[in-house]
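Single-letter residue listing:
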Amino acid sequence: MKTTVLLLIGLALAAPAAAQDPPSLAIRPFVMATEQSFAAIDTFGAVFGKTYFPFFGGGVQVVVHDRFFAELTASRFRQTGERAYRSGGQVFKLGIPLTATITPFEITGGYRFHLGRMERVRPYVAAGFGSYSYQETSTFADAGDNVDTRHSGLVVNGGAEFRLQRWVSLAADVQYSHVPGILGQGGISQQAGETDLGGVAARFKLVIGR
Amino acid sequence: MGGFRARTLCATIVVAGGLVLSLRGQTGDDSRLVIQEHLGLPGIDEGLSQELSHTPSSAETRKRVAALQSLLQDRVGPTGTHYRAGRVIVRFRDESAMVDRRAAVRAASGTGEIADRPSYADFDVVRIDVNEDAEAAASVLRQRPEVQYAQVAHRVHTMMVPNDPLYLTQQWNMPLINIEKAWDIQPQAGSAITVAVIDTGMAYANATITATLPAFRDENGILYPALGKVTIPYSAASQLVSATGASRIVAPHDFVNETSTPFDFDGHGTHVSGTIGQLTNDGIGTAGVAFNVKLMPVKVLASEWDLLFAGFTNTSNTGGSDDDVARGIRYAADNGAKILNMSLGSEGPPNCATNPNQADCSPVIEAAMRYAVGKGCFIVVAGGNGFEDNVPPYGTNPTSIVAEIASRIPGAVSVAAIDRAKAHAYYSSSGSYIELSAPGGSERGFGSDGFIRQQTFDFNFTDTFLSSPAQFVAPRFDVFAYVGYIGTSMAAPHVAGVAAMLMQQGVTDPAVIEQILENTAVDLGTPGRDNTFGFGLVDARAALRGLGLAK
């Protein structure tokens, strides 16, 4: 892991760096914090008491001619709530701890816009797909009661990157993800008729590289 | 055996002392029944009952049923149902004036009078001459515009097939509902919840009873001699109320005798209470489902001894009909019970849902059940034992009226019985009103291994009216054994116990409790809900564990 990070930083630093011109190929690592509002509001609301949660992660971007880019991100959500029942808008929590862990790996490709004289700002849009690992564990579980599965989903996002310094940028975007196949097969999500593990996320990335 | 004799001697001394106190305190008192609560010795626990002679079709069982029918002196309606003479239950419309109500009563009966409204009732009782036809009077009243409903006071009976069998060392019924893992989830097992046992009463306290027993004739006309004034020892079932656990008994009440001492003189209510909350993990006897619940004994069913103790001075005053049940339900709801177990019922037409104001329906019980559920109570009703019974004019497998009512109320469930092999118990009524299943036991194919066992009275000491007149003696209610019963009466308290634990776990809405129990039940028989098993066998662990996000 350490080697990979150093390699990524090295690659970023090694990118062509002519005075003010962006390099034709830049490989840029980043760290990311996300606040996601889950689409399955009844499900998450019943178990955790709220429907928006942070993800933390990071990734790497490959930017070509400062316009086209591909991005690989990995992040993680982990939250403990209570097993519950939900009926007619009422939620009955049962005091039995439940921990859910979501680990998305997402690959997107996109385009960065140039805004004339606003050289520090790069609006961008991107779309792609992800692979979502989902684990659900709780106390008093028998063999087969816990969930450990992985499904794929789609993402689209759009935002802007602000260059803070020559090698450091801050990006903010909004991402929509759609992740079917995990929720809706059982549990409260089935009761609530919710099948999407995705949602809308506000993402903040600290990008290293030009 | 020596210990038994010693205890008997001690009991005799204490009872004799109690008798002296009783006589001192009640000189000139002609009361037929005097209960001196908390004056008496602890009960004698005989352990496993070795009695095997009683099966559902045994001579003893038939005689017990016949004796009760004979003692009750009920009227039998045109449809064959039994009801109490001398009374009609009437719910007048709120807007009707008293003068119109009286006119309606006069039109129905020359002797009819509206009695003072009993406690815990939203209905009135019209007293008529005991020789009048109550069903005819009710029929006239039903046609009156002032009347919302009118019905005779149907005799309600327990939903069990009693047995006095050998008690074996295993309670097959408990693992069948997955209770051990539910206890892991909730070791406190319902300690914050009060369960009302609306039944024949409960052996919840020690007492000394003084009664005057009259002569009576059994169903064959054989005369049994008067025993005069007798002193009867009565003890709490040690596995319901331990020496330190008396506080688990909440607001006891007797609607049969209109007292606050609902002592069980039958054994049924004590057995049902044991399945709900028998003391557990104490190294003695059997286990109960929600073994820490508080218990509210609400007596609404009369036994043979209730009738004999009452001395037949006015059999229409000796309770045990559906107006008593209705009052018992309301009483339980008003006094803090959250789960109501009703191992009782009666038979009637299948269409009470569309026309409740007809003969053999029980609108008075339905109104009380809706009232209780509206106050947050979850109600469990035995599904009925009539699968093989032919009850004219309703035929074989007649509709169990109270269970049918439960099926129409979100927050009340009717419970069928299964046997040890999770198959339909031969007696368990079936129909569209069956919602859940639980172990009720069966001797067919299993013998005594198929019973549901809990601590209750040793019938050899209580059912002395089954003996010949020469051997007839006063009963004693201080000798207990682990006795086997079967019936949907035994199935219902399993569900009541699980419901109590579920409520303690945090689910407080009766309708949601029903939904959960049905959704988590283990499907039996035809896939999906069916008329034999309902939604299936109650699963305590699945119900208590609840749902996650994805599973």
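Rules behind the numbers
- Going along each chain's sequence as written, the residues are numbered from 1 onward.
- By the order in which they are written, chains take letters starting at A while ligands take numbers starting at 1.
- Note on the predicted model: pLDDT of at least 70 is required for a residue's local features to be given, and 80 or more for side-chain atom pairs to be given and counted; whole-chain, interface and lining totals, by contrast, use all residues.
- Note on contacts: each residue gets a C-beta atom placed from the backbone, and two residues are in contact if those atoms are within 7 Å.
- A run of DSSP states H or I qualifies as a helix once it reaches four residues; a run of E qualifies as a strand once it reaches two. Both are numbered from the N-terminal end.
- Residues were grouped as follows: Ala, Val, Leu, Ile, Met, Phe, Trp, Tyr, Cys and Pro as nonpolar; Asp, Glu, Lys and Arg as charged; and all remaining residues, including Gly, as polar.
- Domain boundaries shown here were taken from an automatic or database domain assignment.
- Exposure in this text rests on C-beta crowding, where 20 or more other C-beta atoms within 10 Å of a residue's own make it buried, 12 or fewer make it exposed, and counts in between make it partly exposed. The C-beta atoms are placed from the backbone.
- As used here, the arc belongs to the directions running from the helix axis to the C-beta atoms.

Chemist: Break down the interface of chain B and chain A for me, citing the residues and quoting the values.
Modeler: Often the size quoted for an interface is simply the accessible area lost on bringing the parts together. Each partner contributes residues to the interface: chain B has 17 residues there, and chain A has 28 residues. Put simply, the parts of the chain that give the side of chain B that touches chain A at least two residues each are helix 6 (179-185) and helix 14 (510-519) of chain B. The residue makeup of the side of chain B that touches chain A, split by class, is seven nonpolar, five polar and five charged.

Chemist: Summarise the domain arrangement of chain B; cite the residues concerned and give the values.
Modeler: Residue and element names in this part refer to chain B. Taken domain by domain, chain B consists of domain 1 (44-71 + 159-207 + 235-544) and domain 2 (76-154). Taking the mean C-alpha position of each, domain 1 and domain 2 sit 30 Å from one another. Contacts between the two partners involve 24 residues from domain 1 and, on the opposite side, 25 residues from domain 2. When residues in the side of domain 1 that touches domain 2 are grouped by element, the largest group, seven residues, is from helix 9 (residues 322-334). Split into classes, the residues belonging to the side of domain 1 that touches domain 2 amount to eleven nonpolar, six polar and seven charged.

Chemist: I'd love a proper account of unusual backbone geometry, names of residues and values included.
Modeler: Each neighbour pair has its own omega, and for P392(B) with P393(B) the value is 0°, a cis peptide bond. Following the sequence through the fold, P393(B) ends up in the loop between strand 21 (390-391) and strand 22 (395-396). Of note, D66(A) is a non-glycine position whose phi angle comes to about 60°, a positive value. Among the structural elements, D66(A) can be located in the loop between strand 2 (52-64) and strand 3 (68-87). Look at N178(B): it is not a glycine, yet its phi comes out positive at around 60°.

Chemist: Kindly report on the environment of P262(B), identifying the contributing residues and their values.
Modeler: All names here are of chain B. Among the structural elements, P262 can be located in the loop between strand 15 (253-254) and helix 7 (268-277). Between the C-alpha atoms of P262 and K229, which are 33 residues apart in sequence, the distance is 21 Å. The contact partners of P262, leaving out residues within four places of it in the chain, are G201, M202, P252, H253, D254, P297, V298 and K299.

Chemist: Mind laying out helix 4 (residues 134-142) of chain B, listing which residues take part and the relevant values?
Modeler: Residues and elements named next belong to chain B. When we look at burial in helix 4, the residues that qualify are A134, A137, A138 and L141. The buried residues of helix 4 occupy one face: seen down the axis, they fall within an arc of 100°. As for helix 4, its buried residues are in contact with strand 3 (75-76), strand 4 (82-92), helix 3 (98-108) and strand 7 (147-154).

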